[in-house]
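Observations on the model geometry
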Amino acid sequence: MLRRLREPAPPQPERCAFCGRSVPDPHRHLVDTEEQSLTCVCTACGLLFQQPGAAGGRYRSVPDRYLADPEHRIGEQAWAALGIPVGTAFLFRNSRQERLVLLYPGPGGATESEPDEGAWQAALGGSRLAAALEPDVEALLLRHTDDGVQCHLVPIDVCYELAGRLRRCWKGFDGGAEARAELDAFFTRLAERARPLREDGTR
């Protein structure tokens, strides 16, 4: 009996926040634009919230597109002006507050910073990826390495997932070898999945 009491309970499956059904892994997410939080949903409920104006616009379905713009380059000077203290960050537009939000991963998870509007415009404001970005549900994910600055348009839940993974393995100021290996693997997968943006702004 004592041995059984010490055994951890089996993990409970995640459930849809709206209908209560168990959801697979991976599964869809909604953004609660009032709380600025992610909500797990099943496929059926996720499709319902793709309709314009569903739930008064409070919940927005996170899309599943990964885009790159090979023609746009962010120079070293523009990157330095952004003032990001680590090599990876993501930006998204908060529609409720009508402002740009910058976050970067670290030992405490995703840390928010107020981006300089002038620096943002110089680095990314005129890019086609920035023009295609959907508020609240998509982000521009940036990584600075010795080879330059990578920029991809990705679902916002992917950015928070990456921040959570890095938090678990972060060591020291810059994350350490394990965090860098995690980033290398993540951006390799991202480069394979991302599709180039066409002239009309679509993939």
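Structural data are supplied above this passage.
Reading the values: rules and limits
- Residues numbered from 1 in each chain as written.
- Predicted model: local features only at pLDDT ≥ 70, side-chain atom pairs only at ≥ 80, totals over all residues.
- Heavy atoms only, no water.
- Helix = DSSP H or I, 4+ residues; strand = E, 2+ residues; numbered from the N terminus.
- Rg over C-alpha atoms; globule rule 2.2 N^0.38 Å.
- Buried < 20%, exposed > 50% of the residue type's maximum accessible area, 1.4 Å probe, protein only.
- Areas by Shrake-Rupley, 256 points an atom, 1.4 Å probe, with all protein chains shown as cover.
- Lys, Arg positive; Asp, Glu negative; His and termini not counted.
- Charge placed at Lys NZ, Arg CZ, Asp CG, Glu CD.
- Pairing = 2+ DSSP bridges.
- Axes fitted to C-alpha atoms, helices over the stretch in contact; angles between N-to-C directions.
- Expected span 1.5 Å × (residues − 1).
- Arc of directions from axis to C-beta.
- Contact = heavy atoms within 4.5 Å.
- Parallel < 35°, antiparallel > 145°, perpendicular 65-115°, else oblique.
- Left-handed = near helix turned anticlockwise from the far one by under 90°.
- Polar contact = N/O pair within 3.5 Å; in protein donor to acceptor, adjacent residues only side chain to side chain.

Notes on the overall build of the protein
Helix and strand counts for the protein come out as seven helices and 10 strands. Since a compact globule built from 203 residues should have a radius of gyration of about 17 Å, the 19 Å found for the protein is in line with a globular shape. Each of the three principal axes of the protein carries a C-alpha extent, and together these read 65 × 45 × 30 Å. For the protein, buried positions account for 43% of its 203 residues. When the accessible surface of the protein is summed, it comes to about 11,600 Å², and 50% of that surface belongs to carbon and sulfur atoms. Separation of charge centres in the protein, based on 25 positive and 29 negative side chains, amounts to 8 Å.

Points about the sheet that holds strand S2 (residues 37-41)
Sheet architecture is open: three strands sit in the order S2-S1-S3, paired in antiparallel fashion. Each end of this open sheet is capped by a strand with a single partner; those strands are S2 and strand S3 (59-61). Across the sheet, the mean angle separating the axes of adjacent strands is 35° when strand polarity is ignored. Sheet topology note: the strand S1 (residues 28-32)/S3 ladder contains three bridges and is antiparallel. The residue bridging Leu 30 from the neighbouring strand is Ser 61, located in S3.

Focus on helix H7 (residues 176-193)
The terminal C-alpha atoms of H7, which comprises 18 residues, lie 26 Å apart, in line with the 26 Å expected from a rise of 1.5 Å per residue. Within H7, the full set of buried residues consists of Gly 176, Ala 179, Leu 183, Phe 186, Phe 187 and Leu 190. End-on view of H7: buried residues confined to an arc of 95°, all on one side of the axis. The outward face of H7, more than 90 degrees from its buried face, is lined by the exposed residues Ala 177, Glu 178 and Glu 192. Where H7 is buried, its residues touch strand S5 (88-94), strand S8 (138-145), strand S9 (148-155) and helix H6 (156-169).

What to know about H6
The end-to-end C-alpha distance of H6 is 21 Å, a good match for the 20 Å that 14 residues give at a rise of 1.5 Å each. Turning to H6, its buried residues are Ile 156, Asp 157, Val 158, Cys 159, Leu 162, Ala 163, Leu 166 and Cys 169.

Notes on the packing of H6 against H7
Helix-helix packing is described using two parameters, namely the angle between the two axes and the distance between the axes. Closest axis-to-axis distance for the H6/H7 pair is 9 Å, and the angle between their directions is 155°. Between H6 and H7, the crossing angle belongs to the class labelled roughly antiparallel. Judged by the sense of rotation from one axis to the other, the crossing of H6 with H7 is right-handed. Here Val 158, Leu 162, Arg 165, Leu 166 and Cys 169 of H6 come into contact with H7, specifically with Glu 178, Ala 179, Glu 182, Leu 183, Phe 186 and Arg 189.

Section: the side chain of Asn 94
Structurally, Asn 94 can be placed in strand S5. The buried category is assigned to Asn 94, whose relative accessible area is 3%. A polar contact is formed between the side chain of Asn 94 and the backbone nitrogen of Arg 96, at a distance of 3.0 Å. Separated by 2.9 Å, the side chain of Asn 94 and the backbone nitrogen of Gln 97 make a polar contact. Sequence-distant contacts of Asn 94, that is, excluding residues within four places in its chain, are made with Gln 36, Arg 99, Val 101 and Asp 136.

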